[in-house]
2 protein chains.
Amino acid sequence: MKGVLLVISGPSGVGKTTLVKKFLEEFKDEVVFSISCTTRKPRPGEVHGKDYFFVSKEEFEKMIKKDELLEWAIVHGNYYGTPKSFIYENLLKGKSILLDIDPHGAFQIKEKMKDAVLIFILPPSWEELRKRLLKRKSESEEEIKKRLAQAREEIMVSKEYDYLIVNDEVNKAYNQLKSIYIAEKRKTNRVLANIEKEIKDSYLISLIKGEGK
Amino acid sequence: MKGVLLVISGPSGVGKTTLVKKFLEEFKDEVVFSISCTTRKPRPGEVHGKDYFFVSKEEFEKMIKKDELLEWAIVHGNYYGTPKSFIYENLLKGKSILLDIDPHGAFQIKEKMKDAVLIFILPPSWEELRKRLLKRKSESEEEIKKRLAQAREEIMVSKEYDYLIVNDEVNKAYNQLKSIYIAEKRKTNRVLANIEKEIKDSYLISLIKGEGK
């Protein structure tokens with residue numbers, strides 16, 4: 001694959017959305033955000049084709065049967081999944097893709113695509129995560145408890161990720177996220193897959209590919 | 001190991017020295033340059049303990065016998081090698097180390113230390129490399145021919161490196177080098193080895209280490 005498949009996870013309240021938005025803005029010419037399918041009803045403000053592809057249960061089950069999903073899960077009785085074709089088409093074109101999904105989905109993807117880059121965003125402390133969730137006044141105490149329990153579960157598998165970022169200071173965390181992406185593009189396999197874009201000299205290319213002898 | 005062992009190679013004329021200098025300057029608080037030992041005579045301006053440790057043939061052969069070198073080679077009749085103790089001590093302290101050595105030495109190191117990060121600097125074209133070497137008026141035509149032949153050999157094994165950087169524009173290449181270093185520090189194993197430095201909350205640490213159950 002020519003592009004980088006970036007999979008980002010992290011508990012809710014960790015500041016993942018801010019990092020992702022900033023990243024997609026800076027790299028909009030080369031990175032595409034992967035939109036999930038779901039059978040959940042849209043929440044106020046959510047847009048079909050931007051936040052999710054909202055589909056019916058029947059449509060989703062058809063996609064499962066046709067093996068059209070890279071990963072999928074049932075959460076609170078709703079289906080969520082990542083369409084395969086979108087991912088493969090973009091990676092082959094040389095586009096990179098960013099997925100914002102939970103560890104369950106991340107591990108399913110890593111299993112199918114060894115080159116996927118798994119990044120987990122950690123809070124600087126448990127207390128800080130709690131505080132950040134409490135600031136979201138829209139959510140009930142019950143909801144916050146549920147999110148903290150979920151955060152605990154997610155953090156406990158974070159060590160299976162390729163990279164860990166501690167989001168203590170957003171600019172520092174963002175710089176680390178960006179660096180991971182830039183570094184991954186320099187990995188030898190990826191450079192070789194895209195070598196003609198970067199080096200025009202066919203003699204030098206043949207040397208790099210080791211065909212010079 | 002807590003620190004990152006960065007091994008940088010690239011043909012002479014590729015602009016490696018400029019990149020390395022800039023990098024060591026920016027990260028002087030955390031990255032140490034590894035100084036090689038050699039039995040070669042110092043060239044004008046070269047300083048013992050800065051450019052090389054200049055040692056006698058007898059001293060060098062004693063180091064080989066005592067297995068005190070991480071890698072060594074004979075080039076044009078002179079010994080060159082990297083002392084082990086310096087590398088290990090610094091990595092354990094949490095310092096990162098940068099080595100500027102040829103592919104032969106780089107592969108010896110990778111074999112002994114799987115975590116070493118091998119970076120190869122490529123020229124944008126063969127012609128550009130030739131031009132850059134010709135600009136060095138201090139060198140004879142014969143010397144330049146020899147360097148180009150050596151460059152050819154080195155580039156032909158560059159695909160065995162972890163990362164490739166094309167030094168077309170120095171600021172871009174430098175940014176890539178820096179990104180590789182920052183990204184490598186975020187690799188899960190290294191973050192876990194240094195977790196207490198970054199996260200003070202012991203409950204969160206126990207979760208990250210997966211000891212929460």
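This structure is a prediction, so every number in the text was calculated from the model and none was measured.

Could you give an account of the packing of helix α1 (residues 16–26) of chain B against helix α7 (residues 170–185) of chain B, naming the residues involved and the relevant values?
Residue and element names in this part refer to chain B. One way to put it is that α1 packs onto α7 with a least axis distance of 10 Å and a crossing angle of 55 degrees. Here α7 runs oblique to α1, going by the angle between their axes. In the packing of α1 onto α7, the handedness of the crossing is right-handed. Where α1 approaches α7, its residues Thr18, Leu19, Lys22 and Phe23 are matched on the opposing element by Val170, Ala173, Tyr174, Leu177 and Lys178. Among the residues forming the contact of α1 with α7, the class breakdown is six nonpolar, one polar and two charged.

So what's going on with unusual backbone geometry? Residues and values would help.
Most peptide bonds are trans, and most residues other than glycine sit at a negative phi. One non-glycine residue with positive phi stands out, namely Asp67 of chain A, at about 55 degrees. By the secondary structure assignment, Asp67 of chain A is in the loop between α2 (57–65) and β5 (69–75).

Give me the lowdown on the relation of the copies chain B and chain A, citing residues and values where you can.
Laying chain B over chain A is done by rotating through 180 degrees and shifting 0.0 Å along the axis; what remains is an RMSD of 0.0 Å. Classification of the inter-copy transformation places it as that of a two-fold axis. Judged by C-alpha distance, Ser179 of chain B is the residue of chain B that lies nearest the rotation axis, at 2.1 Å. Of the residues that chain B buries at the interface, 100% are likewise interface residues in chain A, meaning the two copies contact each other through the same surface.

Got a sec to walk through the sheet that holds β5 of chain A? Specific residues and values, please.
All names here are of chain A. Read from one edge of the open sheet, four strands run β4-β3-β6-β5, paired in mixed fashion. Every interior strand has two partners, whereas the edge strands, β4 (53–54) and β5, have only one. Pairing geometry for strand β3 (residues 37–38) and strand β6 (residues 78–83), over two bridges, is antiparallel. Bridge pairing in β6 links Thr38 to Tyr80. Strand contacts of α2: β3, β5 and β6, with the helix running at about 45 degrees to β6, the strand carrying the most contacts. Sheet strands touched by helix α4 (residues 103–112): β5 and β6. Its angle to β5, the strand with the most contacts, is close to 160 degrees.

Procedures and definitions
- Residues numbered from 1 in each chain as written.
- Chains lettered and ligands numbered in written order.
- Predicted model: local features only at pLDDT ≥ 70, side-chain atom pairs only at ≥ 80, totals over all residues.
- Axes fitted to C-alpha atoms, helices over the stretch in contact; angles between N-to-C directions.
- Helix = DSSP H or I, 4+ residues; strand = E, 2+ residues; numbered from the N terminus.
- Parallel < 35°, antiparallel > 145°, perpendicular 65-115°, else oblique.
- Left-handed = near helix turned anticlockwise from the far one by under 90°.
- Contact = placed C-beta atoms within 7 Å.
- Nonpolar A, V, L, I, M, F, W, Y, C, P; charged D, E, K, R; others polar.
- Least-squares fit on C-alpha atoms with pLDDT ≥ 70 in both.
- Pairing = 2+ DSSP bridges.

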